[in-house]
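If you want the building blocks of each chain, they are given just below.
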Amino acid sequence: MSLVLDSAAQDLLFREARTVGSFSDEPVTEEQVQAIYDLVKYGPTAFNQTPLRITLVRSAEARERLVRHMAEGNKAKTAAAPLVAILSADNEFHEELPHLLPYFPQAKDVFFSERPVREQSALLNAALQAAYFIVGVRAAGLAAGPMTGADLAGLQKEFLDDDHTPLMVVNIGKPSDEPAAFDRAPRLGFDQVVTTV
């Protein structure tokens, strides 16, 4: 059975898309990032919560501060990427729920009055949104290089606050013409993953 999405779009988003470590010099514009967000904001989350926060690191000074917190193997590619985003979870996302969930505004207090509950929900749902963001970057014809190899506590102190938990750093741009360092790694097959009960 075929998918509704045409084969070229399937390739762009999944089959031919790769995590890349080197990019061309072509800049990533604010308009491109806005178009990406305006698409991926429709991805589903629990209670329509929107805990993902995106910090775009554009200035040379901010980039230097960011690179200091990256794992050794991620420093050079983060320094050279056209755009870098820090993705984090807002643990105070519940304040927006009366607006985002107008038919159930009391969800803010009924389900999310306690911080540990909010942190767990923010982490899961911001991670979902981060995955949508990566697919959105691909939909824009760009490549994403998501990385968790960083001093996340250091990133939080440097760029965020105690209400925001960093999830990952994503390098974004047009891929360079250099061949990929590695062939695509294997994936598990359908029968290894899916169980019918």
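Residues numbered from 1 in each chain as written. Predicted model: local features only at pLDDT ≥ 70, side-chain atom pairs only at ≥ 80, totals over all residues. Heavy atoms only, no water.

Re the side chain of Gln49
Assignment of secondary structure puts Gln49 in the loop between helix H2 (30-40) and strand E1 (52-57). Looking at Gln49, its side chain comes within polar contact range of the side chain of Ser121, at 2.9 Å. Discounting residues that sit within four places of it in the chain, Gln49 has contacts with Phe93, Leu97, Phe112, Ser121, Ala122, Asn125 and Gln129. (Helix = DSSP H or I, 4+ residues; strand = E, 2+ residues; numbered from the N terminus. Polar contact = N/O pair within 3.5 Å; in protein donor to acceptor, adjacent residues only side chain to side chain. Contact = heavy atoms within 4.5 Å.)

A look at the nonpolar core
Core analysis: the largest hydrophobic core is formed by 24 residues, its most contacted members being Leu87, Val137, Met168 and Ile172. Breaking this core down by element, the ones donating at least two residues are H2, strand E2 (83-90), helix H7 (115-139) and strand E4 (164-173). When residues in this core are grouped by element, the largest group, six residues, is from H7. Ignoring anything within four residues of it in the chain, the contact list for Ile172 reads Phe23, Val28, Ala81, Pro82, Leu83, Ala85, Phe133, Val137, Leu142 and Ala143. Ranked by size, the runner-up nonpolar core spans 15 residues in total, among them Val84, Ile86, Leu155 and Val169. (Core = buried A, V, L, I, M, F, W, Y, C linked by side-chain atoms within 4.5 Å. Buried < 20%, exposed > 50% of the residue type's maximum accessible area, 1.4 Å probe, protein only.)

Brief notes about the packing of aromatic side chains
The geometry of two aromatic rings is summed up by the distance between their centres and the angle between their planes. This model, assessed by the stated rule, comprises five aromatic pairs. Ring geometry for Phe47 and Phe111: centres 4.9 Å apart, planes at 40 degrees, overall tilted. With Phe47 in the loop between H2 and E1 and Phe111 in helix H6 (residues 107-112), the pair connects residues that are 64 residues apart, well separated along the chain. In this structure Phe111 comes out as partly exposed when scored by relative accessible area, which is 38%. Geometrically, the ring pair formed by Phe47 and Phe112 is edge-to-face, given 5.5 Å between the ring centres and 90 degrees between the ring planes. One end of the pair, Phe47, is in the loop between H2 and E1; the other, Phe112, is in helix H6, with 65 residues separating them in the sequence. The partly exposed category is assigned to Phe47, whose relative accessible area is 29%. Taken together, Phe47, Phe93, Phe104, Phe111 and Phe112 form an aromatic cluster joined through their ring pairs. (Phe/Tyr/Trp six-rings, centres within 6.5 Å; stacked < 30°, edge-to-face > 60°.)

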